[in-house]
Amino acid sequence: MRNKKVTGIERLKVRYGRMFVLPWTIGLLLFFLVPLFSSIAYAFCNVSLVNDKMLSFVGFEHFKYLINDDPNFMDNIKDAVTSFVYSLPIIVALSLIFAIILNQKFRGRIFARAVFFLPVIIATGVVMQFVTGAALQEGAALSTSMGETESYSGIRFDELLINLGLPQSITELLSDYIARVFNLVWSCGIQILLFVAGLQSIPDQLYEVSKIEGATTWEEFWFVTFPMLGNVTFLVLVYTIVDLFTAFDNPIMKQAYDLISKNSVYDQSAAILWAYFVVVGAVGALILLAYNRILMKKWN
Amino acid sequence: MKFDLKKIVALIMVFAMVLCFAGCDNGGTTSSYYEEVPGENGGDNGGSTGNNATQDIVTEVPTNLKGTTVKVLFWRPLTNDEKAVVASFEKQTGMKVQFKFAANAGGVYAELISASLAAKEGYDIAMFNNINFPGRPTSIMQPLNDIKGFDFSDPAWDKALMDTQKINGKYYGVNIVGGHTNEFVAMYFNETMFKNRGVKTPRQLWEAGNWNWDTFLDAAKAMTYKENGAQVYGYINRGTGYMTYWLQAAGTDFITYDGTKFKSNLSDAKLLNNIKYYNEFRTKYKIMGDDTYGVPHFRSGEAAMFSVITYAMFKESDTKFSQMSDTIDAVPFPMPKGQKQVALVDSCLFGILKGAKNSEGAAHFLRYFLDPQNYSMSDNFINKNLEKTFNELAKMDKRVSISEGVVNNGAQVDFANVCHNIVLTDAAQVTSKVKSYATNFDFAVNKANKAVK
Amino acid sequence: MKGLTLKKNLKSNYEYKKVASKVAVSLFRYAMLIAVGFTVLSPLFQIISNSLKNQSDFMNTSVSWIPTTFFYQNYIDAFHVMDYLKTFLNTVSIMVLSAFLEVAACGVAAYGFARFKFPERKILYALLLITILVPVRMTFLAQYVNFRNFDFFGITSIIGDLIGKDLTINLINTPFTFYLPSIFGVGYQSGLFIMIYIQFLKGIPKELEEAAWIDGAGPIGTFVRIIVPSSSVAILTVTILSIIWHWNEYYLTALYFNENQPLAVVLSGIMELIKLRGGDAINSHTGVAMASCMLFILPVLIMYLILQKKFIKSIDSVGIVG
């Protein structure tokens, strides 16, 4: 009798589950899977826009070229992976810190939240190019790749530093550093929002209880806040990984995208993308699995 | 009431027929769609000869093209003048012209073309310039010599320009002499500043037949001075990537094309000497500042001469030279002493895409659309001297720099970056710096040569 | 704590520490905010200040942050060049509507993923991750062809073959290029939104649903009456993000729309448009471009500020939300 009941409900659940994801699956089939498989196909073929037969199979030729003969690909991969590995923890930690700050009650809180979220509104696409001055260069084609940040808002930090009389090597280092910090802060916006939302979802009761029990702020953070944020942190990790992976100012994406926008080459660019995907996919999956393991351990 | 209506309708029909006959009566033309069209935009088309020329273009359009559509992929939205020209063409030939344009110059133009080709939309016309050569024409365009509708014996076609980008002896892109889509490199100068210092202006030198690199250098030296503590430079360039102007003028370039093959000149003594000469502007003669982005410096009077393309000659340009209180003027870009004066061009050529459905109609459309006599360009120049220089440049022999296109097509290094690095290198290291790009440039040249085979 | 007998002595020490740490925290907080604020706000201030300069200000190298006059003519020009009212309405009707459709559709799909077990779930979840990872710009070519000759699973072309006519629909230049994917939950960044929803849904206690179940509400009823109200935080988050991203999307929109373009596309081509629609009459191209930027950012900024207040209020009112 008991078995029958469980099976009945479970069968219902299967049916309802499928029902809820059905529109999405149809959407996948209609709008996503074909472009996805095309992209994979491009990586293994020569793409011609004008021949009757668009694709002609060439196997791993593009990958071989990229790994062996292309002067930039391997360097870009190394660059991308290393900057990814050190940016990820910094961004996640920074966002959490900022979210905690923003979540507290202090004067000017609403203003502060608007400020922190500004990069999300501005940093996507079009406006960024005005910020970096790229869009205003005389007669310049408006580049669709994400602008460089070494001269953001027309404030040329390298010029400023040169004017201060510093030697060129130091100014280069400093401007690079400033640009990176700038980049990092500007990449945090969504993560901060997610963390704030997560923090908001922690029931106040838990904090009241912990206060009664006399926990210090530190203990409160580790035993109340952090565990409750487990889900959101996972989300933030996923988002940051994807963002770092697909941002167009990352040298690999730039290389792939330049091929498309300047040379209309779709096969090699697809190869770059998928090779990169394999690398980052592996790294990202490792990170996420490790995270899950740590979470399991902490709660056991 | 009904009775009156019938009469009125009849009257109108008679009236219409009379008009039609009056309009059609114009001396044995092959096209029955010819109508008297007043000069476009009310601007001066140079008198009666202009009108006749544009009428001739249209009269040659065969009647069987009536009702067909020409589809154009344009890299920017159309100006009002261009829209009027298109409308006039449609009216006179009975063809329809359909435009699709990229929202911004160069922005998504390449993607637009690719998407259109992949979806087999059958567009006819697209543009390529010296930055897309030979990549774009070889991969997606067709040779034009055999397309019905192109009459290359017509002197209006700018063959001097088109010859620079022939592939396998055939034309792949066209433009008209003096067309408004062309850009030439000019040496602008601040006439007021020159007069105030009592220095002979470039125009005076040009008109005396004495305008060359030597006299340029003298003028630049004379115009480099300190005034009230502010440094004024004799010359500034459009940007680091445009060192190629000084190479082209001397008849050399990183990569040259002779109509059949590409060649890398990185070990050429001539090229290296030229690059060093350009570097010396900044280091030895000090006529040029460190900041290489020229427009704001020229506008604010910090530089006396400035080399940039001719789009800055127009009132609506965003360089806003029209707002300068000083008088500006321009002369053609100088050549080394003793060498023949040519025009350096940022070319803009129009070609027919593979898979085009109406190449003949497209050919006629291009002949009409690009003809400067359809546009009142005169009104748009900031002053008459600029217009004079533009027209002189339009008639000269032309030279185009294709280095950027070839190098970027090789997709190993970025040409603008290469120039930037070379320009900022000290004279002693220039040779080794240039040679460090040899493998990348050779790769690019090989790729380009395979494409034009 | 450490024993009531020592309480009096320790209290002063403890309070001293408490006050000191409060001040330190405050200082740290404000220092952080100012530093970050500067990084974030300086570009914005630059844009604002540039948007109020006239051309002589731009040509005058000694003017940097503060324009000499409050040159609001730039905004008037920007309004005309962008054809602001019409473009704004276009943007709202195409992009904002897509955003709302997407918010709803993603919620539906997420509920299926989060709360039900069915055999295909793992594969679909993997596909979900792939949708997030593949950048739009790499797949646009196939997408364009798809929309250009839109064919519902090959059914329309089969019917077309039978009739002898070409029945494929050309969706390019229509807002359906965004509506359709959004309705099905595969719109712009939909994968991410589904993931956000899933994580938030996991936090909702199962008891609530089971209670509704027992009361006889079907899955749809449960969804509408229990899940949706409890997810207001997630819904708001996703709505804000979706609107902002749709508002800023200028790449696909540039390819799909030749007329009736949304604001982002207009802004991306603003330098050309200024030349075309104003040309000589405009005092400063750069100024107008900057003013256009501001006109572009402002609606989203205002929306965020308004919604953000609701964000906080909704938490307080919902109370215990897992």
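Residues numbered from 1 in each chain as written. Chains lettered and ligands numbered in written order. Predicted model: local features only at pLDDT ≥ 70, side-chain atom pairs only at ≥ 80, totals over all residues. Heavy atoms only, no water.

Colleague: Let's hear about the packing of aromatic side chains: which residues, and what values?
Modeller: The relative placement of two aromatic rings is captured by the distance of their centres and the angle of their planes. All names here are of chain B. Scanning the entire structure with this criterion turns up 78 aromatic pairs over all chains. On the basis of an interplanar angle of 5° and a centroid distance of 5.3 Å, the ring pair of Trp-213 and Tyr-277 is categorised as stacked. Within this pair, whereas Trp-213 is found in helix H9 (residues 213–222), its partner Tyr-277 is found in helix H11 (residues 269–283), the two being separated by 64 residues in sequence. Judged by relative accessible area, which is 7%, Trp-213 ranks as buried. Here the aromatic rings of Phe-298 and Phe-321 are separated by 5.2 Å at their centres, their planes lie at 65°, and the arrangement is edge-to-face. Highlighted residues: Phe-298 in helix H12 (residues 295–299) and Phe-321 in the loop between strand S10 (303–309) and strand S11 (328–332), separated in sequence by 23 residues. Phe-321 shares its class with Phe-298; the two are buried. An aromatic cluster is defined as three or more aromatic residues linked by ring pairs; in this entry it consists of Trp-211, Trp-213, Phe-216, Tyr-235, Tyr-242, Tyr-245, Trp-246, Tyr-277, Tyr-278, Phe-281, Tyr-285 and Phe-333. Directly above the aromatic system of Tyr-123 lies the positively charged group of Lys-71, at a separation of 5.3 Å from the ring centroid. (Phe/Tyr/Trp six-rings, centres within 6.5 Å; stacked < 30°, edge-to-face > 60°. Helix = DSSP H or I, 4+ residues; strand = E, 2+ residues; numbered from the N terminus. Buried < 20%, exposed > 50% of the residue type's maximum accessible area, 1.4 Å probe, protein only. Lys NZ or Arg CZ within 6 Å of the ring centre and 35° of its normal.)

Colleague: Help me get a handle on the packing of helix H9 (residues 204–212) of chain A against helix H10 (residues 217–228) of chain A, residues and values and all.
Modeller: All names here are of chain A. One can describe the packing of H9 onto H10 by two numbers: an axis separation of 11 Å at closest approach and a directional angle of 165°. It follows that H9 is roughly antiparallel to H10 by the angle criterion. Note that H9 runs across H10; the crossing there is right-handed. In this structure, H9 uses Leu-206, Tyr-207, Ser-210 and Lys-211 to contact H10, whose residues at the interface are Glu-220, Val-224, Thr-225 and Met-228. Here the residues of the contact of H9 with H10 sort into four nonpolar, two polar and two charged. (Axes fitted to C-alpha atoms, helices over the stretch in contact; angles between N-to-C directions. Parallel < 35°, antiparallel > 145°, perpendicular 65-115°, else oblique. Left-handed = near helix turned anticlockwise from the far one by under 90°. Contact = heavy atoms within 4.5 Å. Nonpolar A, V, L, I, M, F, W, Y, C, P; charged D, E, K, R; others polar.)

Colleague: Please set out unusual backbone geometry residue by residue, giving values where relevant.
Modeller: Here Phe133(B) and Pro134(B) are connected by a cis peptide whose omega angle stands at 0°. Along the chain, Pro134(B) turns up in the loop between strand S3 (125–129) and helix H5 (135–140). The backbone phi angle of Lys320(B) is positive, close to 55°, even though this residue is not glycine. As for its position among the elements, Lys320(B) is in the loop between S10 and S11. In this model, Asn260(C) sits at a positive phi of 55°, which is unusual for a non-glycine residue. Locating Asn260(C) in the fold gives a position in the loop between helix H13 (252–256) and helix H14 (263–268).

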